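Residue strings, one per chain:
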Amino acid sequence: MARITVIDNFLEDKHFKKIKEYFTSSLIPWYWLHVDVLLNDNQKELNKNGFFNHCIYNHWQFLASYPDELILVTKKLNVRAPLQIRANLNLRDIDSVSSKWHVDYPDIKNNKTAIYYLNNNNGKTILDENGTYKKVDSKENRMLIFDGDIKHKAQYQTDVHKRYLLNINYI
């Protein structure tokens, strides 16, 4: 597989709709994280937005319930060992701002990051592969898969009130 892969229509429509309905429903407890990306002390003022998070899997254990279709996602990604699975919810911003460049698990070799977009909006994920930038639009049922050592950042949406996605880190 290439270092960066984009797959449209990742799941059959009936499975995608169940996942989207689950994560956009009022049943999900969302938790506010006041920073976009963990930064060192002299960079803390760089975080502007924050986001809501619903962590499903972390620290080698399931923390929350999930729809059965999530197993289809992990099988299709060939996940051998999940590191973290979470849903993210970003609220609209008046300005098109971005998070800071980061990698999710810098200390774990050969990991992958997958971002599964649950709704259409003008937000993007921007990847930096050794100075070559790739912008991936937030399009529902699109899966972005990339090597875990590739720096990336979120560009927040300005067109719709909520941006939903699943962030899956795995080996």
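Scroll up to find the structure this text is about.
Below is a short write-up of the structure. Counting restarts for each chain, with residues numbered from 1 along the sequence as it is written. Under the rules for a predicted model, residues below a pLDDT of 70 receive no local features and side-chain atom pairs below 80 are neither given nor counted, while totals for whole chains, interfaces and linings still include all residues. Excluded from the side-chain calculation are hydrogens and water; included are all heavy atoms of the structure.

## Points about unusual backbone geometry
- At His59, a position not held by glycine, the phi torsion is positive, near 55°.
- Numbering of helices and strands runs from the N terminus; a helix is a DSSP stretch of H or I covering at least four residues, while a strand is a stretch of E covering at least two. Looking at the element boundaries, His59 is found in the loop between β3 (51-58) and β4 (61-62).
- Take His59: its relative accessible area is 62%, and that puts it in the exposed class.
- Its identity as a non-glycine residue notwithstanding, Asn78 has a phi of 60°, on the positive side.
- With respect to the helices, strands and loops of the structure, Asn78 is situated in the loop between α2 (69-76) and β5 (82-91).
- Only protein chains enter the accessibility calculation, which uses a 1.4 Å probe. A residue is then buried if its area is under 20% of the maximum for its type, exposed if over 50%, and partly exposed in between. When its relative accessible area of 60% is taken as the criterion, Asn78 is described as exposed.

## Structural notes on the sheet that holds strand β8 (residues 132-137)
- Strands are treated as partners if at least two bridges between them are detected by DSSP. Read from one edge of the open sheet, three strands run β8-β7-β10, paired in antiparallel fashion. Because the sheet does not close on itself, it has two edges, and the strands there are β8 and β10 (151-155). Between one strand and the next, the sheet's axes are offset by a mean angle of 20°, whatever the strand orientation.
- With six bridges joining them, strand β7 (residues 124-129) and β8 adopt antiparallel strand pairing. Within β8, the position partnered with Glu129 by the bridge is Thr132. Axes here mean lines fitted to C-alpha atoms, for a helix over just the part in contact, with angles spanning 0 to 180 degrees between N-to-C directions.

## Brief notes about the side chain of Asn111
- Tracing the chain through its elements places Asn111 in the loop between β5 and β6 (112-117).
- Judged by its relative accessible area of 4%, Asn111 falls in the buried class.
- Excluding residues that lie within four positions of it along the chain, Asn111 makes contacts with Leu83, Tyr105, Asp147, Gly148, Tyr170 and Ile171. Any two residues having at least one pair of non-hydrogen atoms within 4.5 Å are treated as being in contact.

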